[in-house]
Amino acid sequence: MKVLVIGGGGREHSIAWKLSQSPQIKELYLIPGNGGTSEIGENVNISLNEIVEVADFAKEKKIDYTVVGPESPLVSGIVDEFEKRGLNIFGPSKNASIIEGSKVYAKRFMKKYEIPTAKFKVANTPEEAQSFIKQKIFNFPYVIKADGLAGGKGSIIVKSKEEAYKAVEDLMINQKFGSAGEKVVFEEFLKGVETSFMVFSDGKRGFPLVTSKDYKRLEDGDKGPNTGGMGAISPSPYVDYDLIKDIQRKIVMPTIYGMGQESRMFKGLLYPGLMLTEEGPKVLEYNCRFGDPETQAIMMRLKTDLLEIIDGVIHNTIKDINIEWSLEPSACVVLVSGGYPEKYEKGKEIYGLKRAKMIEGVQIFHAGTKKENGKYYTNGGRVLNICAMAPSLNKVMEKIYSAISFISFEGMRYRSDIGMEKK
Ligand code: AMP
Ligand code: GLY
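Residues numbered from 1 in each chain as written. Chains lettered and ligands numbered in written order. Predicted model: local features only at pLDDT ≥ 70, side-chain atom pairs only at ≥ 80, totals over all residues. Heavy atoms only, no water.

A.B. asks: Teacher, can you tell me more about unusual backbone geometry here?
C.D. replies: Across residues other than glycine, the phi torsion is negative in most instances, and most of the peptide bonds are trans. With an omega of -10°, the peptide bond running from Phe 140 to Pro 141 counts as cis. One can find Pro 141 in the loop between α7 (126-134) and β7 (142-146). Non-glycine residue Gln 175 carries a positive phi angle of around 45°. Along the chain, the position of Gln 175 falls in the loop between α8 (161-173) and β9 (184-188). Gln 175 gets classed as partly exposed once you look at its relative accessible area, which sits at 29%. (Helix = DSSP H or I, 4+ residues; strand = E, 2+ residues; numbered from the N terminus. Buried < 20%, exposed > 50% of the residue type's maximum accessible area, 1.4 Å probe, protein only.)

Dropping the structure here:
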């Protein structure tokens, strides 16, 4: 079998790593991949948003299965483009990816199908948004969100009138995220613990992955700005079996059912980001793809052949597959470039990877790295994902942090409190 993974982050490296263990796979390609994936497959230099070119490549190479990592090619319709050519691809269609691509759509959808989420109002123009601020539609703090994709940076928590006006100016008037901010959602602030919940969806039912929690803030103690993710643990210490059942019943099932009713059948990976509130779980946002960096931690625990699962979702046989997971916990700590999530420098040499990898149970998934003449250099904000699995979370964290102690590059930073939950 020939398999193609689309994306170049830690998530895609971990997916490719898991796939590379499948005895069925003979050739593995990545578009564009990174410094680490070049060790397990062939990196192909095509922009992942050039969906026609990507599909042409897959057709020419006779790729048997393609797995898509990031949301942007999904929202642009890469799945439809592949299916037009008769190629197997894992991910939702353009029609179904709207659940992540438009927050306005997602909120109205949840309201229609009575899926628990924060109260909201949609502003279609800056004037309308400014009038919401004047009318004090919610108490502070509340959240102002760009409708479209903004690389995880389009949701702004505002604590005062001034901050609210500034958010509207940034998103709608100055269009910091382009057309993503043409409309915005005003949303009440939800208190609670955040958790990620991912299911494989065959369009009719959701088959849950093991639970996980990510750490979005830059600094220890959940301080500092939001990032693309500084770490993750699996399982989530906040989600027990009863809560899983509750989430399935109140959120996953009605979402998959509702999307079917709307003629937007959702096949692929559905990942609602949740807030566990006093009133129960509520949806913060939908994602139409694997989470990053949760997937890096989760892939460590997956025992079943990932290709079998991918095939099961595409060909509607997932219900017959017994997906097996290790009972041991796992985690992922992300090493980032100095300055991230704002401006940062690239091209710094990375030292110590060989030593770090020698620790038993540790896996290193690359994100923003490139390999040149046998050396690794930083090539992005999130650089490396240091992951481990062990009999207890304490042991996992011990392994990860001792691996990190061997690694260095100029400006490197990371959180030192991943997996140190009080609970
Ligand atoms: P989103 O882009 O909708 O996932 O939001 C990004 C982050 O902002 C979430 O992971 C939360 O930490 C926070 N957030 C978003 N919406 C809310 C809300 N209604 N209440 C509290 N925090 C929120
Ligand atoms: N971990 C957050 C995300 O993948 O969107």
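There is more to say, and it comes next.
A.B. asks: Just to check I follow, could you spell out the site of ligand 2 for this structure?
C.D. replies: Close to ligand 2 lie Asp 214, Tyr 271, Arg 289, Gly 291, Asp 292 and Glu 294. One of the side-chain nitrogen or oxygen atoms of Tyr 271 is found 3.4 Å away from a nitrogen atom of ligand 2. Interatomic distance of 2.8 Å between a side-chain N/O atom of Glu 294 and a nitrogen atom of ligand 2. A breakdown of the residues in the shell around ligand 2 according to their chemical character gives 1 nonpolar, 1 polar and 4 charged. (Near = heavy atom within 4 Å. Polar contact = N/O pair within 3.5 Å; in protein donor to acceptor, adjacent residues only side chain to side chain. Nonpolar A, V, L, I, M, F, W, Y, C, P; charged D, E, K, R; others polar.)

A.B. asks: Would you explain the site of ligand 1 in this entry?
C.D. replies: Around ligand 1 sit 15 residues in total, of which Ser 155, Glu 187, Leu 190, Glu 194 and Glu 285 are the nearest. The separation between a nitrogen atom of ligand 1 and a polar main-chain atom of Leu 190 is 2.8 Å. One of the side-chain N or O atoms of Glu 285 is found 2.9 Å from an oxygen atom in ligand 1. If ligand 1 stood free it would expose 470 Å²; the protein chains cover 94% of that surface. Taken together, the residues of the shell around ligand 1 break down into 6 nonpolar, 2 polar and 7 charged. (Areas by Shrake-Rupley, 256 points an atom, 1.4 Å probe, with all protein chains shown as cover.)

A.B. asks: How do you make sense of the packing of α7 against α8 when you look at a structure like this?
C.D. replies: Between two packed helices, both the angle of their axes relative to each other and the distance between the axes serve to describe the pair. One way to put it is that α7 packs onto α8 with a least axis distance of 10 Å and a crossing angle of 170°. The angle between the axes of α7 and α8 places the two elements in the roughly antiparallel class. Side by side, α7 and α8 meet where Pro 126, Ala 129, Gln 130, Ile 133 and Lys 134 of the first sit next to Lys 161, Ala 164, Tyr 165, Val 168, Met 172 and Ile 173 of the second. Looking at side-chain class alone, the contact of α7 with α8 contains 8 nonpolar, 1 polar and 2 charged residues. (Axes fitted to C-alpha atoms, helices over the stretch in contact; angles between N-to-C directions. Parallel < 35°, antiparallel > 145°, perpendicular 65-115°, else oblique. Contact = heavy atoms within 4.5 Å.)

A.B. asks: Honestly, the packing of aromatic side chains in this entry has me stumped. Any pointers?
C.D. replies: The geometry of two aromatic rings is summed up by the distance between their centres and the angle between their planes. Scanning all chains against the criterion turns up 15 aromatic pairs. Consider the rings of Tyr 29 and Phe 57, whose centres lie 5.7 Å apart with planes at 75°: the pair is edge-to-face. Separated by 28 residues along the polypeptide, Tyr 29 in strand β2 (residues 27-32) and Phe 57 in helix α2 (residues 51-61) bring together distant segments of the chain. Like Phe 57, Tyr 29 is buried. With a centroid separation of 6.2 Å and 75° between ring planes, the pair formed by Phe 200 and Phe 290 is classed as edge-to-face. Here the residue Phe 200 occupies a position in strand β11 (residues 199-202), and Phe 290 occupies one in the loop between β16 (280-287) and α10 (294-301), the gap between them amounting to 90 residues. One exposure class covers both Phe 200 and Phe 290, and it is buried. In this arrangement the basic side chain of Lys 213 is found over the ring face of Tyr 215, its NZ or CZ atom lying 4.7 Å from the centre. (Phe/Tyr/Trp six-rings, centres within 6.5 Å; stacked < 30°, edge-to-face > 60°. Lys NZ or Arg CZ within 6 Å of the ring centre and 35° of its normal.)

A.B. asks: Got a minute to help me understand the sheet that holds strand β21 (residues 375-378) in this structure?
C.D. replies: Whenever strands of a sheet pair, they do so through backbone hydrogen bonds, lying parallel or antiparallel. One open sheet holds the 3 strands; their spatial order is β18-β21-β20, and the pairing between them is antiparallel. Taken across any chain shown, the strands that pair with only one partner, and hence form the sheet edges, are β18 (349-350) and β20 (369-372). As defined by bridge partners, β20 adjoins β21 across 4 bridges and the pair is classed as antiparallel. Bridge pairing in β21 links Lys 370 to Tyr 377. (Pairing = 2+ DSSP bridges.)

A.B. asks: Just checking my understanding: could you explain the pairing of β2 for this structure?
C.D. replies: Looking along a regular strand, one sees the side chains alternate between the two faces of the sheet. Note: strand β1 (residues 2-7) against β2, 6 bridges, orientation parallel. Each bridged residue has a counterpart across the sheet, and for Val 5 the counterpart in β2 is Leu 30. Crossover connection from β1 via helix α1 (residues 10-20) to parallel β2: handedness right-handed. With 2 bridges connecting them, β2 and strand β3 (residues 42-43) associate as parallel partners. Its bridge partner lying in β3, Tyr 29 is registered against Glu 42. (Right-handed = clockwise from strand over helix to strand, strands pointing away.)

A.B. asks: Mind showing me how you'd approach the pattern of salt bridges here?
C.D. replies: Side chains that differ in charge, positive against negative, can pair when their charged atoms come close. The full count for this structure, using the stated rule, is 24 salt bridges. With a shortest N-O distance of 3.1 Å, Lys 145 and Glu 187 are connected by a salt bridge. You can see Lys 145 sitting in strand β7 and its partner Glu 187 sitting in strand β9, a full 42 residues away along the chain. Accessibility classification places Lys 145 together with Glu 187 in one group, the buried group. Where salt bridges share partners, they join Asp 56, Glu 81, Lys 84 and Arg 85 into one cluster. (Salt bridge = Lys/Arg side-chain N within 4 Å of Asp/Glu carboxyl O.)

A.B. asks: How should the sheet that holds strand β17 (residues 330-336) be read in this particular structure?
C.D. replies: What the 5 strands build is an open sheet, ordered β13-β14-β17-β22-β19; its pairing is antiparallel. What marks the edges here is a single partner per strand, and that holds for β13 (213-219) and β19 (362-366). The mean inter-strand angle of the sheet, taken between neighbouring strand axes irrespective of direction, is 25°. Here β19 runs beside strand β22 (residues 382-389); their pairing, made up of 5 bridges, is antiparallel. Across the sheet, the residue bridging to Val 362 is Ala 388, located in β22.

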